[in-house]
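One letter stands for each residue in the lines below.
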Amino acid sequence: MDSWQPSNPVERRFMLAHEDALAFAEQPQAKLLYWQANEDDLHLINTYFQVQQENGCCTMQFADDFLSGDKYAALIAQNIINFYDQRRDGSLAQGITADWQVPVKESGTTETQYLLQIAHSLMQHHPDIFPGFLWVFSPGNLKSLSKIESWLDDLLTETLSGEWASERIRFVVYTMETDLFSKLSDNYPQAVYRVNGQYHCENVPREMIAESNERGDSGKFRRLFVELTETLKNNDPQRLENLSKAALAITNNARWFDQSVVVHLIGGAAYLKWQDKTRSLQAYGEALASAEQAKEEGHPAGNKLIVNALFGICSVYYMNKEYDMAASYYDRIPEFSLADADYILTVEANRMRAECWDKAKSPANAFSAAFEGVDAGLNMEPELRKQSSLPILTHWLYKHIGLTDWRYGEMREKFASLYGDDWEQFVSLDPLKSSQEEEKRV
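Criteria and cut-off values
Residues numbered from 1 in each chain as written. Predicted model: local features only at pLDDT ≥ 70, side-chain atom pairs only at ≥ 80, totals over all residues. Heavy atoms only, no water. Helix = DSSP H or I, 4+ residues; strand = E, 2+ residues; numbered from the N terminus. Buried < 20%, exposed > 50% of the residue type's maximum accessible area, 1.4 Å probe, protein only. Contact = heavy atoms within 4.5 Å. Areas by Shrake-Rupley, 256 points an atom, 1.4 Å probe, with all protein chains shown as cover. Arc of directions from axis to C-beta. Pairing = 2+ DSSP bridges. Polar contact = N/O pair within 3.5 Å; in protein donor to acceptor, adjacent residues only side chain to side chain. Axes fitted to C-alpha atoms, helices over the stretch in contact; angles between N-to-C directions. Parallel < 35°, antiparallel > 145°, perpendicular 65-115°, else oblique. Left-handed = near helix turned anticlockwise from the far one by under 90°. Nonpolar A, V, L, I, M, F, W, Y, C, P; charged D, E, K, R; others polar. Expected span 1.5 Å × (residues − 1). Core = buried A, V, L, I, M, F, W, Y, C linked by side-chain atoms within 4.5 Å. Phe/Tyr/Trp six-rings, centres within 6.5 Å; stacked < 30°, edge-to-face > 60°. pLDDT = per-residue confidence, 0-100. Salt bridge = Lys/Arg side-chain N within 4 Å of Asp/Glu carboxyl O.

Caption draft 1: Representation of the overall build of the protein. What the protein contains, in helices and strands, is 22 helices and 5 strands. Summarising its shape, the C-alpha atoms of the protein cover approximately 65 × 65 × 45 Å along the three principal directions. For the protein, the proportion of its 442 residues judged to be buried stands at 45%. Considering only contacts in the protein between residues 6 or more positions apart, those separated by 24 or more positions represent 67%. Just so you have it, the protein exposes about 23,000 Å², and 48% of that area is on carbon and sulfur atoms.

This is the structure:
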């Protein structure tokens, strides 16, 4: 990367991030890089480490939720083991002897110590592949700041002076939190290196447009679109209206119906944020009309555009507790999401249909929607099911349907197909509460 020169605003910021990372790497006593940045700049840091991870085995990024130090260390250890196992066959095909075995965990060894033991074992067995490690922690939640700081204190202690001390293992934590690790910095003034990343990524779209040679309607629309997206952060309805009119004058004249949808969706979201029900519904309704025009013109994303517009309309009615109206629009979504074989959106639409019809005191419609959502889940790839809203839907159905309901037997059969014979153990747990309860326990 030393000989590479940036040629656009994104690359220039990428280089700045790289220079901040190098500054940490060049500090021999630094062990932990605490990288703080705002929301826009965090995306840049995340991309930076993704690239580093793809270019070698030494950088590993972990985004698991932090519940407790022991559980987080165990998760990371398992991720490293899985990383190695998934590459055994590919390594053997390249002539690499991938015969590393997971070390035995001795009695009395903590999860953090065992994690470091695994790292040492890998570095010893494959010194050419794993000369060292840079572990990047970006937990999905940082609610218990004191707990993660306490665990990092243990991790630093073990790495600096414990049985598995090593100069070849380093750590990174990046977050928006500004008050994190003050105690840790005091305890390890030389080992903790802080970076306050300021890359102003929010300005990238404007800079890209300014440096672009694009002219004509396309160039004008792109500039207007950038300004439109900025109105979501600024309370300025009049500016939103003026920019929308200017952008729509271009898209309607050029028959860019898909781009008209995007303009209306931005307006709908902004007015919903500003609690202007009438204007939000109007904007989302116009988005739907433009999406239908795009579909009639044969646009490949026609169904997806209609689905997005319908979800927008539903959100307005739902936020205003008009559940029967929200349900009636959710009812329309599966036709279009199923046409694209988009089972994730189909499950979510049916989940919300069920909830809204239930709140609207129409249990028959609610159960019908829930079962249609389960059917969509059966068509989904198994590994995607837990990542979708399917667990929330199946839990809802399990809690609401009675033992004497005529469809109870059908539900049991479908759940067994989804989750196996122990389906009841899975669907009886509320996925929305289980993680919160787990945090309280630890």
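Further notes follow.
Caption draft 2: Summary view of helix α14 (residues 323–330). Those residues of α14 not exposed but buried are Tyr323, Ala326, Ala327 and Tyr330. Seen from one end, α14 has its buried residues packed into an arc of 100 degrees, which puts them on one side. Of the surrounding secondary structure, the elements contacted by the buried residues of α14 are α13 (302–319), α15 (333–339) and α16 (343–359).

Caption draft 3: Region of interest: the pairing of strand β3 (residues 133–137). The buried fraction of β3 is high, at 4 of 5 residues. With 4 bridges joining them, strand β2 (residues 59–62) and β3 adopt parallel strand pairing. When the sheet's bridge partners are listed, threonine 59 is paired in β3 with leucine 134.

Caption draft 4: Seen up close, the side chain of histidine 120. Following the sequence through the fold, histidine 120 ends up in helix α5 (residues 111–125). In this structure histidine 120 comes out as buried when scored by relative accessible area, which is 18%. Once residues lying within four places of it in the same chain are set aside, the contact partners of histidine 120 are Trp164, Ala165, Ser166 and Ile169.

Caption draft 5: Region of interest: the environment of glutamine 53. Inspection of the secondary structure assignment puts glutamine 53 in helix α2 (residues 39–54). C-alpha of glutamine 53 to C-alpha of glycine 108: the two residues are 55 residues apart in sequence and 33 Å apart in space. Filtering out sequence-adjacent residues up to four positions away, glutamine 53 remains in contact with Thr59, Met60 and Gln61. A polar atom in the side chain of glutamine 53 sits 2.7 Å from the backbone nitrogen of glutamine 61.

Caption draft 6: Region of interest: the packing of helix α3 (residues 69–86) against α5. Direction vectors running N to C along α3 and α5 enclose 25 degrees, while the axes themselves pass 8 Å from each other. One element, α3, and the other, α5, form an angle in the roughly parallel class. α5 is crossed by α3, and the crossing has left-handed handedness. Contact residues: Asp70, Ala73, Ala74, Ile76, Ala77, Ile80, Ile81 and Tyr84 in α3; Glu111, Thr112, Leu115, Ile118 and Leu122 in α5. Per-class residue counts for the contact of α3 with α5 are 10 nonpolar, 1 polar and 2 charged.

Caption draft 7: Spotlight on α16. Over its 17 residues, α16 extends 24 Å from the first C-alpha to the last, a length consistent with the 24 Å expected when each residue adds 1.5 Å. Burial in α16 covers these residues: Thr346, Val347, Ala349, Asn350, Arg351, Met352, Arg353, Ala354, Glu355, Cys356 and Trp357. On its buried face, α16 is in contact with α13, α14, α15, α17 (363–378) and α19 (390–400). The N-terminus of α16 is capped by aspartate 342, whose side-chain oxygen sits 3.4 Å from the backbone nitrogen of isoleucine 344.

Caption draft 8: Just the nonpolar core, in detail. Membership of the largest hydrophobic core comes to 52 residues, with the highest contact counts inside it found for Tyr330, Ile333, Leu397, Met411 and Phe415. Here the element with the most residues in this core is α13; it accounts for 10 residues. Among the nonpolar cores identified, the runner-up in size contains 37 residues, and Tyr72, Ile80, Phe83 and Tyr84 belong to it.

Caption draft 9: Structural view of the packing of aromatic side chains. This structure, assessed with the given rule, holds 26 aromatic pairs. For the ring pair phenylalanine 66 and tryptophan 151, a centre distance of 6.2 Å and an interplane angle of 50 degrees mean the geometry is tilted. Here phenylalanine 66, found in the loop between β2 and α3, pairs with tryptophan 151, found in helix α6 (residues 145–161); they are 85 residues apart in sequence, far enough to count as distant. Taking 5.5 Å as the distance between ring centres and 70 degrees as the angle between the ring planes, the aromatic pair formed by tyrosine 318 and tyrosine 323 counts as edge-to-face. With a relative accessible area of 24%, tyrosine 318 lands in the partly exposed category.

Caption draft 10: Broad picture of the confidence of the model for the protein. Overall, the prediction assigns the protein a mean pLDDT of 87, with 91% of residues at 70 or greater. This stretch, residues 435–442, has a pLDDT under 50; its non-local contacts, to residues over four places away or in other chains, come to 11 contacts.

Caption draft 11: Highlighting the side chain of asparagine 303. By secondary structure assignment, the location of asparagine 303 is in helix α13. By relative accessible area, which is 10% here, asparagine 303 ends up buried. A polar side-chain atom of asparagine 303 sits 3.2 Å from a polar atom in the side chain of aspartate 340. In this structure asparagine 303 touches Lys295, Phe336, Ala339 and Asp340, once residues within four positions along its chain are discounted.

Caption draft 12: Broad picture of the pattern of salt bridges. For the coordinates displayed, the defined rule picks out 15 salt bridges. In this structure, the salt-bridge partner of glutamate 410 is lysine 414, at a minimum N-O distance of 3.8 Å. Of this pair, glutamate 410 and lysine 414 both sit in helix α20 (residues 408–419), 4 residues apart, which is roughly one turn of that helix. Relative accessible area serves as the criterion here: at 27%, glutamate 410 is assigned to the partly exposed category. Among the ionic contacts, a cluster of salt bridges with common partners joins Asp375, Arg407, Glu410 and Lys414.

Caption draft 13: Region of interest: the sheet that holds β3. Pairing in this open sheet of 5 strands is parallel, and the strands run β2-β3-β4-β1-β5 from one edge to the other. This sheet does not close on itself; its edge strands, each paired only once, are β2 and β5 (192–196). Each strand axis lies, on average, 20 degrees off the axis of its neighbour in the sheet, ignoring direction. Running at roughly 130 degrees to β2, α3 makes contact with β2 and β3 of the sheet.

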